[in-house]
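# Analysis of the macromolecular model
Chain by chain, the residues run as shown.
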Amino acid sequence: MSGPRYRRILLKLSGEAFAGGNEFGLDPATFTRLAEEVVQVSQSGVQIGIVIGGGNIVRGAALSEMGVDRVTGDNAGMLATLINCLCMQDALEKHGAYTRMMSAIQIQQVAELFIRRRAIRHLEKKRIVLFAAGTGNPYFTTDSAATLRAIETGCDILLKATNVDGVYDKDPNKSKDAKRYEHLTYTEAINRQLKVMDTSAIALCRENNMPIRVFNLNVPGNLVRAATGENIGTLVTGE
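Rules used in this analysis
Residues numbered from 1 in each chain as written. Predicted model: local features only at pLDDT ≥ 70, side-chain atom pairs only at ≥ 80, totals over all residues. Heavy atoms only, no water. Buried < 20%, exposed > 50% of the residue type's maximum accessible area, 1.4 Å probe, protein only. Helix = DSSP H or I, 4+ residues; strand = E, 2+ residues; numbered from the N terminus. Arc of directions from axis to C-beta. Contact = heavy atoms within 4.5 Å. Core = buried A, V, L, I, M, F, W, Y, C linked by side-chain atoms within 4.5 Å. Salt bridge = Lys/Arg side-chain N within 4 Å of Asp/Glu carboxyl O. Axes fitted to C-alpha atoms, helices over the stretch in contact; angles between N-to-C directions. Parallel < 35°, antiparallel > 145°, perpendicular 65-115°, else oblique. Left-handed = near helix turned anticlockwise from the far one by under 90°. Nonpolar A, V, L, I, M, F, W, Y, C, P; charged D, E, K, R; others polar.

The next point concerns helix α4 (residues 116-124). Within the sequence span of α4, burial applies to A119, I120, H122 and L123. Viewed along the axis of α4, the buried residues span an arc of 155°, placing them on a single side of the element. Here the buried face of α4 lies against β1 (8-13), β2 (47-52), β3 (99-103), β4 (112-113), β5 (128-132) and α5 (142-152). K126 sits one or two positions beyond α4 and adopts a positive phi of about 70°.

In this section: the nonpolar core. Counting residues in each nonpolar core, the largest one holds 38 residues, and the members touching the most others are I9, V38, I50, M88 and L92. Secondary-structure elements contributing two or more residues to this core are β1, α1 (28-43), β2, α3 (70-94), β5, β6 (157-162) and α8 (222-227). Ranked by residue count, the leading element in this core is α1, at 6 residues. When neighbours within four sequence positions are excluded, I50 is seen to be in contact with L10, L11, L13, V38, L92, I128, V129, L130 and F131. If you look at the next biggest cluster of nonpolar residues, it comprises 30 residues, including F131, V167, M197 and A203.

Where side chains of opposite charge bring their charged atoms close, a pairing between them can arise. On inspection of all chains with the given rule, the structure shows 12 salt bridges. Between R70 and D74 there is a salt bridge, with the nearest N and O atoms lying 3.0 Å from each other. Pair noted here: R70 and D74 are both in helix α3, with a separation of 4 residues, about one helical turn. By relative accessible area, which is 12% here, D74 ends up buried. Connected through shared salt-bridge partners, K12, D143 and K160 make up one network.

As a further point, take the packing of α1 against α3. With their axes 9 Å apart at the nearest point, α1 and α3 run at an angle of 60° to one another. When the interaxial angle is binned, α1 and α3 end up oblique. Crossing geometry of α1 relative to α3 is assigned as right-handed. Taking contact as the criterion, the partners of F31, T32, L34, A35, V38 and V39 in α1 are, on α3, N84, C87, M88, A91 and L92. Looking at the contact of α1 with α3 residue by residue, the class counts come to 9 nonpolar, 2 polar and no charged.

Spatial relationships are all this shows, so hold off on functional conclusions.
So this is what it looks like as structure tokens:
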């Protein structure tokens, strides 16, 4: 791979990706494949933080629609992210990486409590840091958590991995004439109601000038390409 463009990145992975081809559950092969790419990027000198969703296990919003209290459902979703982070941590360490898992809620038997300065120190020591349990608060998505951690730890870019090759004006899985954007501004993404990330996350990126690159997680090598600054997917910036 070519030399890294970024010093420090935040990688946002959807929980659904870890189900493999299934609707729910955990697919070990997916963890292994992604771990190989993450380690490859880390070994190139890039410092990496990771936020993983929990949708392959439970979604707080879905539980709420079924009658579960919203706060209870969101707390269950936060615990689901911990399970995914544990599995990802195991896969990374099997590939020789040094890792730390930091949680937004106290669960000291399996993860450190998130402390900003300690997280930055872990990153400086080339440890891959997995940020679990979202923001630790209900009503906030893991998109918001990824944005918050990227800003707090001084990342150069937020890389959002999805199941499509960028941001489209409509669902490319349903519309053959869907148009993919190579570049968007934060304001365009919000005003056009494009599903880059949730609105509060994009607004936070806009306020702090945190660029977002959306790319296809399912194409082998794409993470490496994104980390080296290759123009893949869609870039969202202030201009």
